[in-house]
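Examination of the molecular architecture
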Number of protein chains: 2
Amino acid sequence: MLSYDIKKADSDSLYHYIYKCIKKDILSGAIPADEKLPSKRPFAAHLGVSVITVENAYAQLLAEGFIYTKPRMGFFVSAIDTGKSNLKQSREAQKNYSEGQSSNFYKNSIGKPASPKKYLADFVNNQVDPESFPFSTWAKNMRKIICENQRELMEPSPYGGLLALRKSIAKLLRGFRNMDVDPSQIIVGAGTDYLYGLLVQLLGFDKKYGVEDPGYSKISKIYRKMNVVCNFIPMDASGVIVEQLEETCTDVIHISPSHHFPSGIVTPVSRRYELLSWAAKSSNHYIVEDDYDSEFRMTGSPIPAMKNIDVMDKVIYINTFSKTLTSSARFSYMVLPKPLAKKFHEEFSFYACTISTLEQLALAKFIDEGSFEKHINRMRNLYRGRRDALLQAIRKSKLSHLVEISEENAGLHFIMKIKTRLSDEDFCKRANEKGIRIGALSDYYTEATPSEHQFIINYSALSLKNLEKALNALYDVAVG
Amino acid sequence: MLSYDIKKADSDSLYHYIYKCIKKDILSGAIPADEKLPSKRPFAAHLGVSVITVENAYAQLLAEGFIYTKPRMGFFVSAIDTGKSNLKQSREAQKNYSEGQSSNFYKNSIGKPASPKKYLADFVNNQVDPESFPFSTWAKNMRKIICENQRELMEPSPYGGLLALRKSIAKLLRGFRNMDVDPSQIIVGAGTDYLYGLLVQLLGFDKKYGVEDPGYSKISKIYRKMNVVCNFIPMDASGVIVEQLEETCTDVIHISPSHHFPSGIVTPVSRRYELLSWAAKSSNHYIVEDDYDSEFRMTGSPIPAMKNIDVMDKVIYINTFSKTLTSSARFSYMVLPKPLAKKFHEEFSFYACTISTLEQLALAKFIDEGSFEKHINRMRNLYRGRRDALLQAIRKSKLSHLVEISEENAGLHFIMKIKTRLSDEDFCKRANEKGIRIGALSDYYTEATPSEHQFIINYSALSLKNLEKALNALYDVAVG
């Protein structure tokens, strides 16, 4: 078994020290490609550290591509040609990318200047970790479909999506969310942005829409661009305040009860029933349940979707594969209550589906063959490891006396309340000057009175490399 | 050189006789796989027939997959395993498909029951010929991108589309349409349906939209679903009547001046200037130029786009790759006037692009490497051959005395006026009973007074096999 002298860890966090030792051995060739790393439990016992420490070290190595997993077999060393390694190349590519000197594909004269300058730590980036995408499986699927399904590939998809894909999604919802939906209730589309627009067409331009305040600003932007009334509904610690729905005459409320962005609030069952009871009061009332990252609950069992207790058929469930697979492919879907599904099929069937047949077939295959479930489990472990390492690093840092962590058990971000005399704006600005990208909860309020000094910590794409340095810098900003 | 006894052609049309002879030789193995077929001109001379006859025969063989082309090298025999041929399999698949007994992919509990029952002739189907899609090139591109561009593939596309793709499209527009546009004016999206909706958001819900009457009904449906006023503007022989735009206070007129569907009208330059002059009268006025099939002008040089003479920046040009590549992938784009492009980039950049990065890269590569141009040229020849064969067959049939053909030089359909005492509805119904799917121009009118007895002949996916029989049947319907 690998042996490292833990005493040498010094100021380094333990997991980071182990991570560095293994990385060094991989790069030097001391641990050859495709060798299995020791199992976590015995390795932890061997080193005299906790299992979580080993897990975090492995998670980081995995995230950086030094090791890979085989389902149910453990972790293996990636083949890394240190002469001209893929890793190096990809890092180089990223570097050029951020400097805007890379291939033409990146010189975006319009569109978001997709990627970041190099930060010591970036707590704003909430992209999926690109290195962990199961590329080889996905590519193999695509190749197989291209070779074997030529005729099917030339057929345009039905407007609601290929039945194969809708069936796969229904199966997934049964397995992950214990939801019992008929494939005919599912409408797939190229991104949730597109589906929100479709939903306005389906529910009506005369309805009043409501969004959470604070909330993900894009959602209200879309409703406003669709030319409908969009109310900002204030939240308490349980979610949107139902009385406010009544006061504002809101018809359709768009919420994320399983894990609110950005506050991280998980709406408890009592409030959920209260919302459903509000919805039952009028035929115009609907709840849009935006379940964008429920797959990543880190502790305990997943919180049931509102759709599960929706006996009155008032909940429109929306989800996306952007968080679980990659946002570079556009896979989203909504589950319509049966009467709305009927209306959709009667009145909207002239619309062409917005996802290509090829990509729909590829996703269906990926789900049907179990690859999606494996991937989600792997990602959940990876993100949990990253979260745990981050929480541990915070606890061990000077910053720990100044902060209070909340809502850390669901989704891919949590809230860190920081004691500081600075305004949120100043805090974020000064942090940025020190190379730390961080956003405040108060930025996400529109009309409600914001809570101060609460910062959003996204960790799905966070590099743990300079974490200590970053946390020290945050401390300096807070006290300075 | 291949020799067939042309005298044996009997009642068969010449091209069909030659097609049958070659097909028989391919199936029997008399002409082996990958053998080059004789060049058209010497082969025509050798058989004592016209070059067009040979072209038509080759076009049909190509359409049915018996032969394939190599650019600038000619036609070659496909490898066909007659024991268990792909061709047979794919036909079987199609048969099962139309009978609703095929694989799960096809049992669409929702969505259009994508494909047709078997018709003697189907003049309604306007799909792209699926067998002529350049599958191997496309698949090779995809494979290459998946292997070589992993990191790029994980990056979400900028909202307007990847710059690489927008550049390729700009180049294409320069080459095909002599249009000089900046890539920043191009917005790509998953289908024109989606882009029409986006356009309403950009131009305003308070504007009055106008569509051609007769016209493609989907367009008015989309405007109405987007909750905007949609006027039906009557047409004369040159296109929409400009006075009617003024009378109805239309702000935005959506037209297809290069080849109107369904009438086939090509709007002459004088009317185009008249429309542009109307557009110049108000800052609210815009022209949406839907250029959906201009690539397929069959005779003479392509008609310049209105965008080309749009000095006042009043034309929004929209096009799609559905007609040129396949509608199973969702590739469309619009070219915005510069001030509108600026507004779009300022106000709509929060929208995610609706096409996956992979498919955008694949299309950019396909265009950049010249594959698209080759494909278009090949398809134009194929469709021209099919059109010529159809026109020739009509001229040689009994039907010829009853019909008048118009608008046959652009696009993938023409108009056939048929002398009959039947109403359009009865004619189509009776034709259907005889296995002929055909639609009348009058079906496409909403408010204007329809022209009777004009039928739309789509030929892009038409099989020429039973054409004579079908034309005779149409004759019987017309006189009976």
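Here's a quick rundown of the structure.

Scoring rules and cut-offs
Residues numbered from 1 in each chain as written. Chains lettered and ligands numbered in written order. Predicted model: local features only at pLDDT ≥ 70, side-chain atom pairs only at ≥ 80, totals over all residues. Heavy atoms only, no water. Pairing = 2+ DSSP bridges. Helix = DSSP H or I, 4+ residues; strand = E, 2+ residues; numbered from the N terminus. Contact = heavy atoms within 4.5 Å. Buried area = accessible area lost by both parts, 1.4 Å probe. Salt bridge = Lys/Arg side-chain N within 4 Å of Asp/Glu carboxyl O. Polar contact = N/O pair within 3.5 Å; in protein donor to acceptor, adjacent residues only side chain to side chain. Phe/Tyr/Trp six-rings, centres within 6.5 Å; stacked < 30°, edge-to-face > 60°. Buried < 20%, exposed > 50% of the residue type's maximum accessible area, 1.4 Å probe, protein only.

The strands making up a sheet associate through hydrogen bonds between their backbones, and the pairing can be parallel or antiparallel. Residues and elements named next belong to chain B. If you trace the 4 strands from one edge of the open sheet to the other, you get 12-13-16-15, paired in antiparallel fashion. The sheet is open, and its two edges are formed by strand 12 (403-406) and strand 15 (439-440), each paired on a single side. Looking at chain direction, strand 13 (residues 413-418) and strand 16 (residues 454-458) are connected through 5 bridges and run antiparallel. Residue pairing in the sheet places isoleucine 415 in a bridge with isoleucine 456 of strand 16.

In this assembly, 72 residues from chain B lie in contact with 72 residues from chain A. Interface of chain B and chain A: buried area, both sides summed, is about 6600 Å²; carbon and sulfur atoms make up 65% of it. Put simply, chain B and chain A have 2 salt bridges between them. Where Glu347(A) meets Lys225(B), a salt bridge forms, and the shortest distance between an N and an O atom there is 2.9 Å. Linking chain B to chain A there are 14 residue pairs in polar contact (both at pLDDT 80 or more).

The next thing to look at is the pattern of salt bridges. One pass over the full model with this rule turns up 30 salt bridges over all chains. Put simply, Arg437(A) and Asp122(A) hold a salt bridge, and the shortest N to O gap is 3.0 Å. Pair noted here: Arg437(A) is in strand 14 (residues 436-437) and Asp122(A) is in strand 3 (residues 121-122), with a separation of 315 residues, a long-range link. Here Asp236(B) and Arg271(B) are joined by a salt bridge, their closest N and O atoms 2.7 Å apart. Placement of the pair is Asp236(B) in strand 6 (residues 229-236) and Arg271(B) in helix 11 (residues 269-280), with a sequence separation of 35 residues.

In this structure, the amide linkage connecting Asp213(A) to the following residue, Pro214(A), adopts the cis form with an omega of 10°. Examined against the element boundaries, Pro214(A) turns out to sit in the loop between strand 5 (208-213) and helix 9 (217-225). For the bond running from Phe261(B) to Pro262(B), omega is 5°, close enough to zero to count as cis. Considering the arrangement of structural elements, one finds Pro262(B) in the loop between strand 8 (252-255) and helix 11. You will see that Asn178(A), though not glycine, has its phi angle at about 55°, which is positive.

Bringing the packing of aromatic side chains into the picture now. Residue and element names in this part refer to chain A. A complete count under the given rule lists 46 aromatic pairs over all chains for this structure. An angle of 25° between the planes, with centres 6.2 Å apart, marks the rings of phenylalanine 43 and tyrosine 58 as stacked. Of the two residues, phenylalanine 43 sits in helix 2 (residues 40-47) while tyrosine 58 sits in helix 3 (residues 51-63), which places them 15 residues apart along the sequence. Here phenylalanine 43 matches tyrosine 58 in class, with each residue buried. A ring pair is formed by tryptophan 138 and phenylalanine 366, whose centres lie 5.2 Å apart and whose planes are at 70°; its orientation type is edge-to-face. One end of the pair, tryptophan 138, is in helix 5 (residues 135-148); the other, phenylalanine 366, is in helix 13 (residues 357-368), with 228 residues separating them in the sequence. In this pair, the class of tryptophan 138 matches that of phenylalanine 366, namely buried.

Treat this as a map of the structure, not an account of what it does.
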